[in-house]
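Understanding the architecture of this molecule
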Amino acid sequence: MTDSKTVAQTEVDQHLGELAPPAAEVDMDAAETQEWLSSLDYVLKSKGADRVRFLIEQLRDRAAEEGIQSAQDTNTPYVNTIPTKDQPAYPGNREIERRIKSIVRWNAMAMVVRANKRPGGVGGHISTFASSATLYEVAFNHFFKGRGEDGYSGDTIYFQGHASPGMYSRAFVEGRLSEENLENFRRELAPGGGLSSYPHPWLMPDFWEYPTVSMGLGPIMAIYQARFNEYLRDRGIKDTSGQKVWAFLGDGECDEPETLGAIGLAAREKLDNLIFVINCNLQRLDGPVRGNSKVIQELESIFRGAGWNVIKVVWGDDWDQLLAKDTTGLLAKRMNEVVDGQYQKYTGMPGSYIREHFFGKYPELLKLVENYSDERLEKMRRGGHDPEKVYAAYKMATELKNGKPTVVLAKTVKGYGLGEAGEGRNVAHNQKKMNEEELLEFRTRFGIPISDEEVGKAPFYTPPANSQEIKYMKERRAALGGPVPSRPTTHPTMEVPTVADYKKLIGRLEDKSCSTTFSVVQTLIALCRDKKIGKYMVPIVPDESRTFGMEGMFREFSIYAHAGQLYEPVDSSLITYYKESQDGQILEEGITEAGSMSSFNAAGTAYSSHGVNMIPFFIYYSMFGFQRIGDLIWAAADMRAKGFLIGGTAGRTTLNGEGLQHQDGHSLLNAIAFPTVRAYDPAFAYEVVVIILEGLKRMYQDGEECMYYLMSENEEYLHPAMPEGCEEGIVKGMYKFRSRDVEGAKARVQLFGSGAILNCVLKAQETLAEKYKIASDVWSVTSYTQLRREAADCSRWNMLHPTETPRKSYLEEQLEGVEGPFISASDYVRALGEQLQPWIPGDYFVLGTDGMGRSETREALRRHFEVDAECVTYATLTRLAKTGLFTATELADAIKDLGIDPDKPNPYFA
């Protein structure tokens, strides 16, 4: 016996690499079993598959009534879903497609290898695309619909991020990318332009559409994109019936909660326009995905249980003959009992080991392969590497019209074709370099016409323009509607309402006691009614409509439900009853901020994906936005999404009863890191209206690719009339709201306030005047971040242009010649206000809500965090004391007079 045979036999004897058989698998009456199977065969031949399916379901239901349930109800045998007899004829030229795929694979590999030979080693991944090349090539040649003549009729495709070298390579062979582009893979600042590491529309706006490499985001965004396509169709905005949504992902990626978290929605909403393709190469970054079990079976069970069509592509055509010859069922049994970790091992073992370990378990199976050489056993393909099997799966997936989404589970080998450089090995994911011998092997295996002398340089290769391969590629893509991926760079714009158009709304909110959340919702209602843009508004809320006072919108605008409303609402007698309809406008997503943000992303990119300016308006608990789903907001920025994010029930002290987990004092700080997000903390209703209308103009009329983030609070207070000429200041970040002069004033100070805390600052202004004879100006600071961004931009320009007239920011212009000190207070962490420190012309002190929230009254919370009127007043006195205006004794008296406890714990640590 050879060593491999000895090892294999030992492992078989120990049942190593196998699942333990369930107890119910023991056949106590083989003759009876055969009778049942023969009956099934008879019904199948005489009455067809539908009748068989019906009978099986009846048997299952009857057994369940008797308390007998099968643990395998959602699993099918570990074989291909589509039998060989039902496989459609392959429509393409297999040989030309094979050569195209080989060329694409070579260039993808060469791109990464070359990148890592240069100093700096910028990285890259070879093995993911190596395993999925067939999955993509079949789709490129026969299924992916391009944008078509109107530019917006194509499929939506979420490409697996780590497979990006393959997409670049194909675009290069098509002539869409240059050799210089490929040379500069992951060197985006290089002369001539480079290629981003993964799909990034922000960096490649004419190529990529959707960022996917933050794993788990592609799948959930694809689900909500498919649902949004139906939303557009059901509302009569665009016919999307001919468009599919594809999501390519890895089996390891399915461990991310976002990947599988929304699959129930896809089935519930009957999204048969959605196709998942899961590349089951059985391996994640460090090792097997399910070393001790079977990930394909696990995923099948999950998706079937959620109501999806499941198409398994497990075995290539090399196995068809063996399965046909196996009359005992032992081959399918053996396929099912071997665990994934063992299948991964087979990839790197000789044929003798496979013979003895896999087939040697049962003598009947050894007999099946007695005429197969060891070499032939090594080369037997998995289903995901067989174009005919993949084509059959895709054809079924695209043609099924049963109201269910479809997942294709394709078994592959990670690093397929890399040989000793990483095929099927745990190191495959991180494989970036190949030596000359490995390159020669790769070159020879895939028939790339490069000489032995040149191969070590890993040169790029493309066939002549008049070659069969190039003609075929271009003909296929032309027939399917053009190249993918692609993204237009010229987008539709629209006329939007102005502040003048909404003067009545502003007047209606004047001198009214309400919250800024109420103001936001009233503005949203007015916009939904607007004759210019109303039908394009997309209100999105995660099961908090009543919290935000939006229930009044239910009856007028309806909640979107693809199936309509199939029940009589329990509250149908009320004006604000829960109304669902097929053409509803509101996306009420349930308790899922991630799902809601995915809807935002779909709506926010409709201008580029569908040629329609949809206006998402997503309102949510502010604590559960940037902190909780910041990855999806970052993806929104990357994909150049537009729209409004509304952080409802905002503020560390303004949302008082909900406590620590809900009280947001830092989302505005988090938002600083998102370059396309313009974040505001309005205090008054008119500020809300002005900011929203400015956002509409910037995004949809001027075509800027950004998002607006507004804090909206639930504290009710009186909202004043809109001062004359304040619009520019509201938008740019600050304006002087009120001055308080004092006869014989000891000093004059500048007080900054925002959001609900502006009222504390205004109260402090009165205290300073009446008790301490201090004059002051109160500024409403609507956006510290916008002020800082413009000021920093001016500073940078001045630094780089020393001989030119210095630029002056809006902040510097407003504060030029203004008498300090300057005191800032907000309901957010101090770092928010401290951004302005370099540009404040004098002493500057910031109050904020650093620390953990808690349940209390607003008054108690503001004293705890030291942002109430008394603390603002005292902070001002301490800054004036630095100038000698107040003594230490006077400060001590002020502490007592203002009721401040000097020995209370620091709120940051409390």
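Here is a short report on the structure shown in this document. Note that this is a predicted model, so its numbers are computed, not measured.

Basis of the calculations
Residues numbered from 1 in each chain as written. Predicted model: local features only at pLDDT ≥ 70, side-chain atom pairs only at ≥ 80, totals over all residues. Heavy atoms only, no water. Pairing = 2+ DSSP bridges. Helix = DSSP H or I, 4+ residues; strand = E, 2+ residues; numbered from the N terminus. Contact = heavy atoms within 4.5 Å. Axes fitted to C-alpha atoms, helices over the stretch in contact; angles between N-to-C directions. Expected span 1.5 Å × (residues − 1). Buried < 20%, exposed > 50% of the residue type's maximum accessible area, 1.4 Å probe, protein only. 1 Å grid on protein atoms, 1.4 Å probe; cavity = no way out; pocket = protein on both sides within 12 Å on 5 of 7 lines; lining within 4 Å. Points joined across faces, edges and corners; volume = space filled by probe spheres on them. Nonpolar A, V, L, I, M, F, W, Y, C, P; charged D, E, K, R; others polar. Right-handed = clockwise from strand over helix to strand, strands pointing away. Patch = residues over 30% accessible without salt bridge, like charges linked within 9 Å, V, L, I, M, F, W, Y side chains within 5 Å. Areas by Shrake-Rupley, 256 points an atom, 1.4 Å probe, with all protein chains shown as cover. Salt bridge = Lys/Arg side-chain N within 4 Å of Asp/Glu carboxyl O. Lys, Arg positive; Asp, Glu negative; His and termini not counted. Charge placed at Lys NZ, Arg CZ, Asp CG, Glu CD. Phe/Tyr/Trp six-rings, centres within 6.5 Å; stacked < 30°, edge-to-face > 60°. Lys NZ or Arg CZ within 6 Å of the ring centre and 35° of its normal.

Okay, the sheet that holds strand β12 (residues 643-648) next. In sheet architecture, strand pairing relies on hydrogen bonds along the backbone and comes in two forms, parallel and antiparallel. Taken together, six strands build an open sheet; the order of strands is β10-β7-β11-β12-β14-β13 and the sheet is parallel. If you trace the sheet from one side to the other, it starts and ends with β10 (587-588) and β13 (677-680), each paired once. Pairing analysis gives four bridges linking strand β7 (residues 537-541) to strand β11 (residues 615-621), with the strands arranged parallel. In the strand pairing of β11, V538 is matched with P616. Packing of helix α23 (residues 516-529) onto the sheet brings it into contact with β7, β11 and β12, and relative to β7 it is tilted by some 145°. Across the sheet, helix α27 (residues 626-638) lies against β11, β12, β13 and β14 (707-711), angled at about 160° from β14, the strand it touches most.

Moving on to helix α29 (residues 685-701). With 17 residues, α29 extends 23 Å between its outermost C-alpha atoms, agreeing within 8% with the 24 Å of an ideal straight helix rising 1.5 Å per residue. For α29, a buried count of 14 out of 17 residues is recorded, marking the element as mostly surrounded by other parts of the structure. Just downstream of α29 lies G703, where phi reads positive at about 80°.

Moving on, we get to empty space enclosed by the protein. Under the counting rule described, the total for this entry stands at eight cavities of 30 Å³ or more. The space that makes up the largest cavity amounts to roughly 120 Å³. Along its surface, the largest cavity is lined by 18 residues, and R147, G154, D155, T156 and E209 are the ones closest to its centre. Counted by class, the lining of the largest cavity contains six nonpolar, eight polar and four charged residues. Considered as a void within the structure, the second largest cavity measures approximately 80 Å³ in volume. Together, 14 residues line the second largest cavity, and Q160, G161, T212, F248 and E253 are the ones closest to its centre. At the level of elements, α8 (217-234) and β2 (245-250) are the ones that each hand at least two residues to the lining of the second largest cavity. It is β2 that provides the largest number of residues to the lining of the second largest cavity, a total of three residues.

In terms of residue burial, strand β17 (residues 747-753) counts as a mostly covered element, since seven of its seven residues are buried. Burial along β17 is two-sided: A747, V749, L751 and G753 and R748, Q750 and F752, pointing in opposite directions, are all buried. Relative to strand β18 (residues 774-781), β17 runs parallel, the two sharing seven bridges. Among the inter-strand pairings, A747 is bridged to a residue of β18, identified as I774. In the classification by handedness, the crossover that spans β17, the intervening helix α31 (residues 757-772) and the parallel β18 is right-handed. Pairing geometry for β17 and strand β19 (residues 822-825), over four bridges, is parallel.

What follows is about a negative patch on the surface. A cluster of acidic residues, D27, D29, E32 and E35, forms a negative patch at the surface. Topologically, D29 is positioned in the loop between α1 (3-13) and α2 (30-47). Given a relative accessible area of 36%, D29 falls into the partly exposed group.

Throughout the structure, instances matching the rule amount to 56 aromatic pairs. Residues F626 and Y709 carry aromatic rings whose centres are separated by 4.8 Å and whose planes lie at 55° to one another, so their mutual orientation is tilted. Separated by 83 residues along the polypeptide, F626 in helix α27 and Y709 in strand β14 bring together distant segments of the chain. Per residue, the accessibility class of F626 equals that of Y709, and both read buried. The aromatic ring of Y90 is capped on one face by R94, whose charged end is 5.8 Å from the ring centroid. Across the ring face of F624, the terminal group of R628 is positioned such that the distance to the ring centre comes to 5.1 Å.

A separate point is the sheet that holds strand β4 (residues 309-313). Spatially, β1-β2-β3-β5-β4 is the arrangement adopted by the five strands of the open sheet, whose pairing is parallel. Only two strands of the sheet have a single partner each, and these edge strands are β1 (156-158) and β4. Each strand of the sheet is rotated relative to its neighbour by a mean of 15°, with strand direction disregarded. Taken strand by strand, helix α5 (residues 127-142) contacts β2, β3 (274-280) and β5 (406-411), and its axis lies near 145° from that of β3. Its contacts with the sheet put helix α18 (residues 387-399) on β2, β3, β4 and β5, and the angle it makes with β4 is roughly 170°.

With an omega dihedral of -5°, the bond running from V484 to P485 counts as a cis peptide bond. If you trace the backbone, P485 turns up in the loop between α21 (468-479) and α22 (503-509). With an omega of 5°, the peptide bond between G820 and P821 qualifies as cis. With respect to the helices and strands, the residue P821 is situated in the loop between α33 (810-815) and β19. Notably, L282 is not glycine yet its phi reads approximately 70°, a positive angle. Note that L282 resides in the loop between β3 and α11 (295-306). Notably, K773 is not glycine yet its phi reads approximately 55°, a positive angle. Here K773 lies in the loop between α31 and β18. Relative accessible area serves as the criterion here: at 37%, K773 is assigned to the partly exposed category.

What follows deals with the environment of Q585. By the secondary structure assignment, Q585 is in the loop between β9 (580-581) and β10. Classification of Q585 by relative accessible area gives buried; the value is 7%. Residues Q585 and S558, spaced 27 residues apart in sequence, show a C-alpha to C-alpha distance of 5.9 Å. When neighbours within four sequence positions are excluded, Q585 is seen to be in contact with Y231, R235, C528, G534, K535, M537, V538, P539, F557, S558 and Y560.

By themselves, these are just geometric observations and shouldn't be taken as functional.
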